[in-house]
Amino acid sequence: MFMGKGGTGKTSSALATASAASKMGHKTLVISTDGGHSLPDALNMAIGNEPTKISENFYAMELDSRNEIEKNWGSIRDYMSAFFATKVDENLAAELAQFPGIEELLGVLKIEELGNQWDLMILDSAPTGQALRFLAVPEVMGRFGFELIKLQKAATKLLKPMQAMLPFPVPEENVYDEAQGMINRLKKAGAIMRDPAVSSIRLVTNPEKMSVMQTQRNFTFMTLFGFNVDMIIVNKFFPTEVGEYFSDWKKIQGDYSQLIETSFYPIPVKKVKLFQSELVGMERLEAMGNEIYEGADPARVFYTGKPFEIEKGRTEGEYLLKVKIPFAEKGDVQLAQDGDELTISVKTTATTYERRMALPSILVGKEAVSAKFQQENYLVIAFRPVSRKA
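Nothing here was measured: the structure is a model prediction, and the numbers come from that model.

A. Local environment of the overall build of the chain. Along the backbone of the chain there are 11 helices and 15 strands. A total of 390 residues make up the chain; the buried ones form 46% of that total. In the chain, the proportion of contacts linking residues at least 24 apart, taken out of those at least 6 apart, comes to 68%. Of the roughly 20,100 Å² of accessible surface on the chain, 51% is carried by carbon and sulfur atoms.

Here it is in structure tokens:
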């Protein structure tokens, strides 16, 4: 799955990966959930809602979200719309019944549906990561959720004869059947996406502030939910030959390049230059794929592991953040917090290491009170509730 802020080159990176993989003999399918028709624009050809052959072993499709919603979510959507319509205007009710991220989710479910037909599947996803949040639903609900659906389905039979006296519509049985089917599919898709042997996330960014900050948040979220990020692709580096006019930009990019290397350690970082013209058409995408992978197989998983972990501490409300660092030598540690961002500085006899990371919600509002080094190159940072003075 490729994720990145709009304009970072996410779609180009996904297509470049598909081009490189297909040339190595992998039968590859790219699926886009982007309603902006970015695939046909980048490939400079028409793409349908079924796999369209681009070249040998290379196929692409744009998800027909309207059709997929009707097929997988139609009964639930219609009931929710009818339920909301008892309180608000029908047009607003129809909008409320469309869950945010549902198009992305259906793209992930398409992987579960079509997976056995392809060697490699690439999902060109939206930047929000909403789909992956949905994949946590079966785990959160557990067995209790399935039993609750059964009870509600049984209650529907009792309520149906009293529909005229109720202030809300009673759902038909097919609504519950569809909900249970969706949860089952989410469970299967979640198992696929969390298996580092067969799935990975590749985050696409640019060497500039807003893009890097968004990528840090996505990286924290993915790691926290158990999704394996195996590569950071940094697009649009100015090459040396651009001249003096872009010297300030080159300095900014150099500063962020170093920050990216440390902030996402130990994930491999691939840097891609800004090309002379738009990345449109197979020739340009092939050149980009060569620059990203440099002859390596794009279908392999480039990293597996946990860049950081969170554990409960010994005292009430304490949490321990274990962060992987690139050296074993102990040094002087400085911690600085600013809202949901933590800056870690470690000064040793050999080097000065600085890392910034977006904190997960459970640590926001807590204070980093200590840090110690642990075996296997981990720095363990203790967070405790902020003490409030009377």
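B. Structural context of the packing of helix α1 (residues 10-23) against helix α11 (residues 282-293). Where α1 contacts α11, the axes come no closer than 8 Å and their chain directions differ by 85 degrees. Classified by the angle between their axes, α1 and α11 sit roughly perpendicular to one another. Across from Ser12, Ser13, Leu15, Ala16, Thr17, Ser19, Ala20 and Lys23 in α1, the residues of α11 making contact are Met282, Leu285, Glu286, Met288, Gly289, Ile292 and Tyr293. When its residues are assigned to classes, the contact of α1 with α11 shows eight nonpolar, five polar and two charged.

C. Region of the structure containing the pattern of salt bridges. Enumeration over the complete set of coordinates arrives at 14 salt bridges. In this structure, Glu113 and Lys110 form a salt bridge, with 3.5 Å as the shortest nitrogen-oxygen distance. Residue Glu113 and its partner Lys110 are both found in helix α5 (residues 102-114); the two are separated by three residues, about one turn of the helix. In this structure Glu113 comes out as partly exposed when scored by relative accessible area, which is 37%. Overlapping salt bridges bring together Glu70, Arg77 and Asp78 as one network.

D. Layout of the packing of aromatic side chains. For the coordinates displayed, the defined rule picks out eight aromatic pairs. Centroid distance Phe219 to Phe308: 6.5 Å. Interplanar angle 70 degrees. Geometry classified as edge-to-face. Here Phe219 is found in helix α9 (residues 209-224), whereas its partner Phe308 is found in strand β9 (residues 308-312), with 89 residues between them in sequence. Residues Phe219 and Phe308 agree in their burial class; the two are buried. Their ring planes at 25 degrees and their centres at 4.8 Å tell us that Phe238 and Phe246 sit as a pair that is stacked. Under the relative-accessibility criterion, Phe238 is labelled buried at 19%.

E. Local environment of unusual backbone geometry. Cis geometry marks the peptide bond from Tyr265 to Pro266, where omega comes out at 5 degrees. Locating Pro266 in the fold gives a position in the loop between α10 (247-263) and β8 (269-273). The phi dihedral of Lys236 is positive, around 75 degrees, even though this residue is not glycine. For Lys236, the location among the structural elements is in strand β7 (residues 229-237). Residue class for Lys236 comes out partly exposed when judged on its relative accessible area of 34%.

F. Layout of the sheet that holds strand β11 (residues 332-338). Ordered in space as β11-β12-β13, the three strands form an open sheet in which the pairing is antiparallel. Looking at which strands have only one partner, the edges of the open sheet turn out to be β11 and β13 (352-358). Along the sheet, successive strands turn relative to each other by an average axial angle of 15 degrees, direction set aside. The pairing of strand β12 (residues 341-347) with β13 spans seven bridges and is antiparallel. Across the sheet, the residue bridging to Leu342 is Met357, located in β13. Running over the sheet, α9 touches β12 and β13 and is turned about 75 degrees from β13.

G. Here's a closer look at α1. Over its 14 residues, α1 runs 20 Å from end to end, which matches the ideal 20 Å to within 8%, given 1.5 Å per residue. When you tally the buried positions in α1, you get 13 out of 14 residues, the bulk of the element. Backbone geometry just downstream of α1 places Gly25 in the positive-phi region, at approximately 95 degrees.

H. Examining the environment of Val175 more closely. Take Val175: it is sitting in helix α8 (residues 173-193). Discounting chain neighbours no more than four positions away, the residues touching Val175 are Ser75, Ile76 and Tyr79.

I. Spatial organisation of the sheet that holds strand β14 (residues 366-374). The sheet built from four strands is open, its strands ordered β9-β10-β15-β14 with antiparallel pairing. Two strands close off the open sheet at either side, each with one partner strand: β9 and β14. Direction aside, neighbouring strands of the sheet carry axes that sit 20 degrees apart on average. Where strand β10 (residues 319-324) meets strand β15 (residues 378-385), six bridges bridge the pair, whose relative direction is antiparallel. Each bridged residue has a counterpart across the sheet, and for Lys324 the counterpart in β15 is Tyr378.

J. Spatial organisation of the nonpolar core. Counting 45 residues, the largest nonpolar core has Leu29, Ile201, Val229 and Ile232 as the members making the most contacts within it. With seven residues, α5 is the largest single contributor of residues to this core. Judged by nonpolar contacts, the second largest core, of 28 residues, contains Phe2, Ala21, Leu43 and Tyr293.

Rules used throughout
Residues numbered from 1 in each chain as written. Predicted model: local features only at pLDDT ≥ 70, side-chain atom pairs only at ≥ 80, totals over all residues. Heavy atoms only, no water. Helix = DSSP H or I, 4+ residues; strand = E, 2+ residues; numbered from the N terminus. Buried < 20%, exposed > 50% of the residue type's maximum accessible area, 1.4 Å probe, protein only. Contact = heavy atoms within 4.5 Å. Areas by Shrake-Rupley, 256 points an atom, 1.4 Å probe, with all protein chains shown as cover. Axes fitted to C-alpha atoms, helices over the stretch in contact; angles between N-to-C directions. Parallel < 35°, antiparallel > 145°, perpendicular 65-115°, else oblique. Nonpolar A, V, L, I, M, F, W, Y, C, P; charged D, E, K, R; others polar. Salt bridge = Lys/Arg side-chain N within 4 Å of Asp/Glu carboxyl O. Phe/Tyr/Trp six-rings, centres within 6.5 Å; stacked < 30°, edge-to-face > 60°. Pairing = 2+ DSSP bridges. Expected span 1.5 Å × (residues − 1). Core = buried A, V, L, I, M, F, W, Y, C linked by side-chain atoms within 4.5 Å.

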